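Residues per chain, in single letters:
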Amino acid sequence: MMEFLNKLLAIDFNYILIAFIVLFYSMEQLMSNQFKFNKRPQHLLHNILFQVVFYISNIFYAAVTVFSVEWLNKHQVGLFYLVQIPVWIKLIAGVALFDMVTYWFHRTAHKIPLLWRFHRVHHSDTTMDSSTFFRGHPIESLFWFGTSNIVASAIFGLDLTTMGLYFLVSAPLIFMEHSNLKFPKWVDKYLGLIFTTPNLHKIHHDEDQYYTDSNFSDIFILWDRLFGTYKHKPVEEIKFGLKEFETEKKQTFWYLMISPFINMGRVTSEDLKKGK
Ligand SMILES: [Zn+2]
Ligand SMILES: [Zn+2]
């Protein structure tokens, strides 16, 4: 099993991402959609520009992360180096722990105003499909979410193989969570007890802050259930985006790139109720 995993991880991750892009973009064209799009080509164009930025910043991010995790592993930093446990348990627990640390980084990004300025770019999308995967500010990916995996590795002693497996598992799930595809009810009913299903993540993209500040997990919704941030809302009632970014001008790549440097108050649930 380890041999197969190592072979899989030897594939350049960029190729794996491209394969997922082709797969999900095609499925969204061919299968039944959850939501109707008004201006699909424009939406895709702006998110593809984010995709280009993502790829460029990823070269730097991947190099720093791999270098740091390799250094930590070489010096045996972290809890897993203090105990003897089977490799497969280390792998499964490791993936869950990477996910847990990302959960806390994500939750903090909603809590601290400076971090929210960058993170709100991901939440700005008023119509969602799998291309929303890439809608994120590069400064946030590099300096905030970029550090989460290094921190997880330093605390728990997680190695590069586990990190590779974590990317391999989380990438298709995150694509799926944003995709404009209809899923059968059993997906939420059963898988939703443990995993973050597409509908559960979509609640996180609701414009009402009460729901935006919930369901932070990428893989295991268990973290939200455990740390008290799990919420539910029927998917048909979700309104995507943020009130602050509703106009068409604010949905462009250019505006979104400079938006962290523009002062705008966060619209709270109360503001929304009052119709502000
Ligand atoms: Zn968020
Ligand atoms: Zn999202």
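Everything quoted here is computed from the prediction, not taken from an experiment.

### Considerations on the pattern of salt bridges
Side-chain pairs of opposite charge can arise whenever the charged atoms involved come near each other.
Then, in step 1: In the structure shown here, the tally under the stated rule is six salt bridges.
Then, in step 2: A salt bridge links Arg135 to Asp125, with the shortest nitrogen-to-oxygen separation between them at 2.9 Å. Of this pair, Arg135 sits in the loop between α5 (113-123) and α6 (138-156) while Asp125 sits in the loop between α5 and α6, and the two are ten residues apart along the sequence. For the pair Arg135 and Asp125, one class covers both residues: buried.
Then, in step 3: Note that Lys233 and Asp206 form a salt bridge whose closest N and O atoms lie 2.9 Å from each other. With a gap of 27 residues between them, Lys233 in the loop between α11 (222-227) and α12 (253-258) and Asp206 in the loop between α9 (198-204) and α10 (209-212) connect regions that are remote in the sequence. In this structure, Lys233 and Asp206 share a single accessibility class: buried.
Then, in step 4: Taken together, the shared-partner salt bridges connect Glu207, Lys239, Lys243 and Glu246 into one network.

### A few points about the coordination of the zinc ion (ligand 2)
Ideal values differ by geometry: the angle at a metal is 109.5 degrees with four tetrahedral donors, but 90 or 180 degrees with six octahedral donors.
Then, in step 1: Protein-derived coordination of the zinc ion (ligand 2) comes from His122 (NE2), His178 (NE2), His201 (NE2) and His205 (NE2), at a distance range of 2.1 Å.
Then, in step 2: Binding-site remark: the zinc ion (ligand 2) is held by donors from one chain whose sequence spacing is H-x55-H-x22-H-x3-H. In this pair, His122 is assigned in helix α5 and His205 in the loop between α9 and α10, connecting sequence segments 83 residues apart.
Then, in step 3: Residue class for His122 comes out buried when judged on its relative accessible area of 11%.

### Remarks on the packing of aromatic side chains
Then, in step 1: What the rule picks out here adds up to 23 aromatic pairs.
Then, in step 2: Taking the centre distance of 5.0 Å and the plane angle of 75° together, the rings of Phe50 and Phe253 count as edge-to-face. Taken together, the residues span a long stretch of sequence, with Phe50 in helix α3 (residues 40-74) and Phe253 in helix α12 at a distance of 203 residues. Assigned by exposure class, Phe50 and Phe253 land together as buried.
Then, in step 3: On the basis of an interplanar angle of 80° and a centroid distance of 5.2 Å, the ring pair of Phe54 and Phe134 is categorised as edge-to-face. Residue Phe54 is located in helix α3, and its partner Phe134 is located in the loop between α5 and α6; the two are separated by 80 residues in the primary sequence.
Then, in step 4: What makes Phe134 buried here is its relative accessible area of 2%.

How each quantity is defined
- Residues numbered from 1 in each chain as written.
- Chains lettered and ligands numbered in written order.
- Predicted model: local features only at pLDDT ≥ 70, side-chain atom pairs only at ≥ 80, totals over all residues.
- Heavy atoms only, no water.
- Salt bridge = Lys/Arg side-chain N within 4 Å of Asp/Glu carboxyl O.
- Helix = DSSP H or I, 4+ residues; strand = E, 2+ residues; numbered from the N terminus.
- Buried < 20%, exposed > 50% of the residue type's maximum accessible area, 1.4 Å probe, protein only.
- Donors = N, O, S within 2.8 Å, 3.2 Å for Na, K, Ca; no water.
- Phe/Tyr/Trp six-rings, centres within 6.5 Å; stacked < 30°, edge-to-face > 60°.

As far as function goes, none of this settles anything; it's purely spatial.
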